Amino acid sequence: MDDRTPCPAPTGGPSTPRVLGRRAFLEDVLLLSGGAVVFLAGATAAAPAAAAEGAASAPPAAEGYQPWEHRWAYLVDPERCIGCGSCVRACSAENHVPDGFFRTWVERYVTGMDGTSVDSPNGGKDGFPALQVAFVATKSFFVPKMCNHCRETPCIQVCPVGASYRTPDGVVLVDGERCIGCAYCVQACPFGSRFLSPETHTAEKCTWCYHRITRGLRPACVEVCPTGARAFGDLRREGDPVRHAIEHDRVAVLQPHLRTEPQCFYLHLDGEVR
Ligand code: SF4
Ligand code: SF4
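Residues numbered from 1 in each chain as written. Chains lettered and ligands numbered in written order. Predicted model: local features only at pLDDT ≥ 70, side-chain atom pairs only at ≥ 80, totals over all residues. Heavy atoms only, no water.

Chemist: So what exactly am I meant to see when it comes to the sheet that holds strand S11 (residues 264-267) here?
Modeler: Sheets are built from strands paired through backbone hydrogen bonds, the pairs being either parallel or antiparallel. Strand order in the open sheet made by the 4 strands is S9-S1-S11-S10, with mixed pairing throughout. Every interior strand has two partners, whereas the edge strands, strand S9 (230-234) and strand S10 (251-252), have only one. Note that strand S1 (residues 72-76) and S11 share 3 bridges and pair parallel. Across the sheet, Tyr74 pairs through a bridge with Cys264, a residue of S11. Across the face of the sheet, helix H6 (residues 241-248) comes into contact with S1, S9, S10 and S11 while running at roughly 70 degrees to S1. (Pairing = 2+ DSSP bridges. Helix = DSSP H or I, 4+ residues; strand = E, 2+ residues; numbered from the N terminus. Contact = heavy atoms within 4.5 Å. Axes fitted to C-alpha atoms, helices over the stretch in contact; angles between N-to-C directions.)

Chemist: For this particular structure, what's the right way to read the site of ligand 1?
Modeler: Around ligand 1 there are 14 residues in total, and Cys147, Cys150, Cys155, Cys189 and Arg194 lie nearest to it. Residues that form the shell around ligand 1 fall into these classes: 8 nonpolar, 4 polar and 2 charged. (Near = heavy atom within 4 Å. Nonpolar A, V, L, I, M, F, W, Y, C, P; charged D, E, K, R; others polar.)

Chemist: Where do I start with the pairing of strand S2 (residues 104-112) in this structure?
Modeler: In terms of residue burial, S2 counts as a mostly covered element, since 9 of its 9 residues are buried. Residues Thr104, Val106, Arg108, Val110 and Gly112 line one face of S2 and the alternating positions Trp105, Glu107, Tyr109 and Thr111 line the opposite face, and both faces are buried. Taken together, the 8 bridges between S2 and strand S4 (residues 139-146) define a ladder with antiparallel strand orientation. Pairing of Val110 across the sheet is with Ser140, part of S4. In this sheet, strand S3 (residues 115-119) lies alongside S2 in antiparallel orientation, the contact comprising 5 bridges. Residue pairing in the sheet places Arg108 in a bridge with Asp119 of S3. (Buried < 20%, exposed > 50% of the residue type's maximum accessible area, 1.4 Å probe, protein only.)

Chemist: Explain the site of ligand 2 to me, please; I cannot follow it from the model alone.
Modeler: Lining the immediate environment of ligand 2, one finds 14 residues, of which Cys81, Cys84, Gly85, Cys87 and Cys225 sit closest. Class assignment for the residues of the shell around ligand 2 results in 9 nonpolar, 4 polar and 1 charged.

Chemist: Whenever I open this one, the sheet that holds S4 confuses me. Can you help?
Modeler: Taken in spatial order, the 3 strands line up as S3-S2-S4 in an open sheet, and their pairing is antiparallel. This sheet does not close on itself; its edge strands, each paired only once, are S3 and S4. Averaged over all adjacent pairs, the angle separating strand axes in this sheet is 25 degrees, with direction ignored.

Chemist: Is there a simple way to think about the packing of aromatic side chains in this case?
Modeler: Each pair of aromatic rings is reported with the distance of its centres and the angle of its planes. Counted by the stated rule, this structure contains 8 aromatic pairs. Between Phe128 and Phe142 the ring centres are 4.9 Å apart and the planes differ by 50 degrees, which places this aromatic pair in the tilted class. Placement of the pair is Phe128 in the loop between S3 and S4 and Phe142 in strand S4, with a sequence separation of 14 residues. Of the two residues, Phe128 and Phe142, neither departs from the other in class, the shared state being buried. Look at Trp208 and Phe232: their rings are 5.3 Å apart centre to centre, the planes differ by 70 degrees, and that puts the pair in the edge-to-face class. Of this pair, Trp208 sits in the loop between strand S8 (203-204) and helix H4 (210-213) while Phe232 is found in strand S9, placing the two residues 24 residues apart along the sequence. The structure contains a cluster of three or more aromatic residues connected by ring pairs, namely Trp72, Tyr74, Trp208 and Phe232. (Phe/Tyr/Trp six-rings, centres within 6.5 Å; stacked < 30°, edge-to-face > 60°.)

Printed below as a string of structure tokens:
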């Protein structure tokens, strides 16, 4: 049931989270904004299964799962993110992400007199260092990022062997058995969401924890977020809170001018976010 559509032609893009900071002072002087601690309705306490079998490559759907009955979407509220890094650590453990690589990461945006700088030390996995105040930020906030599971995907289009594909329920995956490690997709993704694993030598990226969501669980990053900054929902389900937010609230996507139609939506997205 996969709609695999191979074709050629790579462009550019980093393979690890982009540290976009323009000034080194962010490494040691920065002000953290306080994050509102608010939980989204529907949060549960089921812990991610850190040792999910086969999670590192194309994750299998649960037996009996009917993908055409779902249309998954992801919602991020940066105003709730406190930069704790729990999501990055949970993703790393759940999906056996190699050290130094990230399927999801958190960026910190800080605006001061000299403009806006962005950093993401170790993908935000260890949180962000407290700031020795010598620099006055007029604005600072955190932005969780991952694969946007775009509907118009340069990553799928450039794959010469059809290893990248979209499932009927709207998840972009990589078939690790088919991937030849050419890294065309890594270069083609304009969001820096993919990397070539030094262990498998195949392309890897966020799968929205496909092995979990097809079993009725939420992605590991959503499960552990203590503030509800991350939410996951089904656009085919009446009354789904993520669907409701996407339909009724002011949501935005990253880099809309690229027209990749991301399925990760952001509430209250600051105009500085790239
Ligand atoms: S964010 Fe990048 S890897 Fe993910 S679907 Fe879009 S183009 Fe592909
Ligand atoms: S777990 Fe939630 S609050 Fe913590 S960094 Fe991730 S998104 Fe932000």
